[in-house]
Amino acid sequence: MSDLSFELPQEVEETRKRARDFALREFTNELIEHFDETEEYPNEIRKKVFDAGFITIENPWNMLVTMEEFCRVDPGIGLSTLASVFGSEILLLYGTDEQKEKYLYPTLKGEKISAVAVTEPGAGSDVAGISSRIEKTEKGWMLNGHKMFITNGTVADHYYLLARSAPPPSKEKRHHGLTLAIVERRWNGVNPVKLKGKLGMRATDTAEITFENVAVPNENIVGEEGKGFYIIMTFFNISRVYVAAQSVGTAQGILDLLLEYLAEKPASFREMEYVQFALAEISALIEAARNITYKAATKVFSFNPDPALTSMAKYYAAEIANQVANTAFKIVGIEASGSKLEKLYRDAKITEIWEGTSEIEKLVISRMILKKIQEVK
Ligand SMILES: Cc1cc2nc3c(=O)[nH]c(=O)nc-3n(C[C@H](O)[C@H](O)[C@H](O)COP(=O)(O)OP(=O)(O)OC[C@H]3O[C@@H](n4cnc5c(N)ncnc54)[C@H](O)[C@@H]3O)c2cc1C
């Protein structure tokens, strides 16, 4: 997007249209219900997404608008297909040529699936508090630990995993001594267990994983030993714009459903002031969320990220998706129960939780703002 043009390049708009047509054709209501009920991973649709060329790193805007349009039709299938390359930016930025050859390029071709394993039963928002241990041995490294809520956990070929390699030097430097490693799911000692019964996003695969005496070769350490926290935070500053796009798409999908519902109602229903006001508010909020998301993405994609802006986009778009879901549910009332609207309502919730909860995003924003005050002094 060029400065203040508020227009995406034609190529990106064409991708958006292709993504919307693809999702409307392939994410049929039957399949959406199927994956929501069975909680299976939509692997066949993932392959079609690759064959159609939607997963590309050449122009990240194409992935961003695809995320938006896929989630507009179904966030569960949309996210799980696109997130099959989850964490790829980690290797793009910090991987060795050998790591890229072995893990990144096959993933970007759809031959492998990746995952990011940070959260633990006792450490979610508090990333520095993780207790999985990766220790140097004579032959390489040894991993022991426990990860929780890992997307793609049972279907991924490899995880980008954060573990403690050295005790923190002080209370203030708890984020030191963390190291990032590539760990293959099929290695001895790796035990992923699928978690079922999630509120929403049930087409995504989520797992609890234990690691018992897992041997990790030296060449699978990513970046500098002890610097894993910085790598993960750099990654979150990229991935959060995609979650913002997921939120915008989900909110737009809810508005689409609301309009379909209103089209079936008598004109007198649509003319009620509270319905008109709600429609206007929803439309304005989605437009604002889309604009802040694109602004943050402009910075991220031009290698000039603004972490406060990225957190604002992630926080705001997630809140809007949930607010829009609430308002739409109120207008439709009991008829929404068991409908596609109810599904999007359930799917919206995760946007306020993963890649940093809304509270964590607000803390990032306020810390940055307070820093500016100190700089002025
Ligand atoms: C479906 C799903 C998929 C996921 N996929 C992945 C994945 O692929 N990889 C991965 O590593 N993780 C994943 N996660 C984990 C997710 O990132 C965490 O759930 C999230 O970071 C929050 O951590 P927590 O659940 O431990 O909650 P907690 O961190 O315990 O937070 C609980 C509550 O306290 C609030 N809180 C916490 N700290 C503060 C603070 N300092 N100030 C104010 N409020 C605070 C939070 O906002 C929240 O409301 C996934 C989670 C889900 C549900």
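Residues numbered from 1 in each chain as written. Predicted model: local features only at pLDDT ≥ 70, side-chain atom pairs only at ≥ 80, totals over all residues. Heavy atoms only, no water.

(A) Structural view of the overall build of the protein. Along the backbone of the protein there are 13 helices and eight strands. The C-alpha radius of gyration of the protein comes to 21 Å, within 12% of the 21 Å expected for a compact globule of 377 residues. The C-alpha extent of the protein, read off along each of the three principal axes, is 75 × 55 × 40 Å. Long-range contacts, defined as pairs at least 24 residues apart, comprise 77% of the intrachain contacts of the protein with a sequence gap of at least 6. Carbon and sulfur atoms form 54% of the exposed surface of the protein, whose accessible area is close to 17,700 Å². The average position of the 45 basic charges and that of the 54 acidic charges among the side chains of the protein differ by 4 Å. (Helix = DSSP H or I, 4+ residues; strand = E, 2+ residues; numbered from the N terminus. Rg over C-alpha atoms; globule rule 2.2 N^0.38 Å. Contact = heavy atoms within 4.5 Å. Areas by Shrake-Rupley, 256 points an atom, 1.4 Å probe, with all protein chains shown as cover. Lys, Arg positive; Asp, Glu negative; His and termini not counted. Charge placed at Lys NZ, Arg CZ, Asp CG, Glu CD.)

(B) A look at helix 3 (residues 43–51). The complete set of buried residues in helix 3 reads I45, R46, V49 and F50. Down the axis of helix 3, the smallest arc covering the buried residues is 145°, so these residues share one side. Among the exposed residues of helix 3, those oriented more than 90 degrees off its buried face are E44 and D51. Those residues of helix 3 that are buried lie in contact with helix 1 (10–26), helix 2 (29–38), helix 4 (60–73), helix 5 (75–82) and helix 7 (97–108). (Buried < 20%, exposed > 50% of the residue type's maximum accessible area, 1.4 Å probe, protein only. Arc of directions from axis to C-beta.)

(C) Quick look at the environment of K330. When you line up the elements, K330 lands in helix 11 (residues 307–332). Along the backbone, K330 and A278 are 52 residues apart, and their C-alpha atoms lie at a distance of 10.0 Å.

(D) Fine view of the domain arrangement of the protein. Segmenting the protein into domains produces domain 1 (10–82), domain 2 (113–226) and domain 3 (230–376). In this structure, domain 1 and domain 2 have C-alpha centres spaced 28 Å apart. Here domain 1 meets domain 2 over a buried area of about 1,000 Å², counting both sides, of which 58% is carbon and sulfur. Three residues, D36, E39 and Y41, lead the burial of domain 1 against domain 2; their summed loss comes to 57% of the area buried on that side. (Domains from an automatic or database assignment. Buried area = accessible area lost by both parts, 1.4 Å probe.)

(E) A look at the environment of I90. Relative to the assigned elements, I90 resides in helix 6 (residues 88–94). C-alpha separation for the pair I90 and L104, spaced 14 residues apart in sequence, amounts to 9.4 Å.

(F) Molecular detail of the pairing of strand 7 (residues 206–216). Note: strand 3 (residues 141–151) against strand 7, eight bridges, orientation antiparallel. Bridge assignment links T151 to a residue of strand 7, and that residue is T206. When strand 6 (residues 190–194) meets strand 7, the two strands line up antiparallel, connected through five bridges. Bridging across to strand 7, N191 finds its partner in T210. (Pairing = 2+ DSSP bridges.)

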